[in-house]
Amino acid sequence: MSKRLHTSGADVRWLSFRLRNGQSIGPDKLQAGWNNAAAADGCSVRRERLDEGGVVYALYGPSTLNAPHAVELRMRRFLMDHGYVFSMGTMGAR
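What comes next concerns the included structure. (Residues numbered from 1 in each chain as written. Predicted model: local features only at pLDDT ≥ 70, side-chain atom pairs only at ≥ 80, totals over all residues. Heavy atoms only, no water.)

### Some details on the nonpolar core
Line of reasoning, step 1. Ranked by size, the top nonpolar core spans 23 residues in total, and within it Phe17, Ile25, Leu30, Trp34, Leu59, Met75 and Leu79 carry the most contacts.
Line of reasoning, step 2. Broken down by secondary-structure element, the contributors of at least two residues to this core are strand 2 (12-19), helix 1 (27-38), strand 4 (55-61), helix 2 (68-81) and strand 5 (86-90).
Line of reasoning, step 3. The element that contributes the greatest number of residues to this core is strand 2, accounting for five residues.
Line of reasoning, step 4. Each residue touching Phe17, except ones within four places of it in the same chain, is listed here: Leu30, Val55, Val56, Tyr57, Leu59, Leu79, Phe86, Ser87 and Met88. (Core = buried A, V, L, I, M, F, W, Y, C linked by side-chain atoms within 4.5 Å. Buried < 20%, exposed > 50% of the residue type's maximum accessible area, 1.4 Å probe, protein only. Helix = DSSP H or I, 4+ residues; strand = E, 2+ residues; numbered from the N terminus. Contact = heavy atoms within 4.5 Å.)

### Some remarks on the packing of aromatic side chains
Line of reasoning, step 1. In total, this model carries one aromatic pair according to the counting rule given.
Line of reasoning, step 2. Ring centres of Phe17 and Tyr57 lie 5.1 Å apart, and the angle between their planes is 20°; this geometry places the pair in the stacked category. In this pair, Phe17 sits in strand 2 while Tyr57 sits in strand 4, placing the two residues 40 residues apart along the sequence. Each member of the pair, Phe17 as well as Tyr57, carries the same accessibility label: buried. (Phe/Tyr/Trp six-rings, centres within 6.5 Å; stacked < 30°, edge-to-face > 60°.)

### A look at helix 1
Line of reasoning, step 1. For helix 1, built from 12 residues, the straight-helix expectation of 16 Å at 1.5 Å per residue is met to within 8% by its first-to-last C-alpha distance of 16 Å.
Line of reasoning, step 2. Every buried residue of helix 1 is listed here: Leu30, Gln31, Gly33, Trp34, Ala37 and Ala38. The buried residues of helix 1 occupy one face: seen down the axis, they fall within an arc of 165°. Facing away from the buried side of helix 1, by more than 90 degrees, are the exposed residues Asp28 and Asn36.
Line of reasoning, step 3. Of the surrounding secondary structure, the elements contacted by the buried residues of helix 1 are strand 2, strand 3 (44-49), strand 4 and helix 2. (Expected span 1.5 Å × (residues − 1). Arc of directions from axis to C-beta.)

Encoded structure:
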């Protein structure tokens, strides 16, 4: 089951990550961090529940996202700066 936290015209799933040690991030904080990292309009985030009870956070943006690798690094920095321990995977085209 997935729960869309925010909706927009975002059409590509660029990144996904899981938080460790029982951590969670609120939708407004995640959306703000992703918007800043992506530096693009039309971004959205989703929180998806896994069958085994975990949660994956999915980050969506326009297919024209500029410099996806730099965006990923900025998002990683955002999460680290806020004390999150995470594992991240990329999904979008490079």
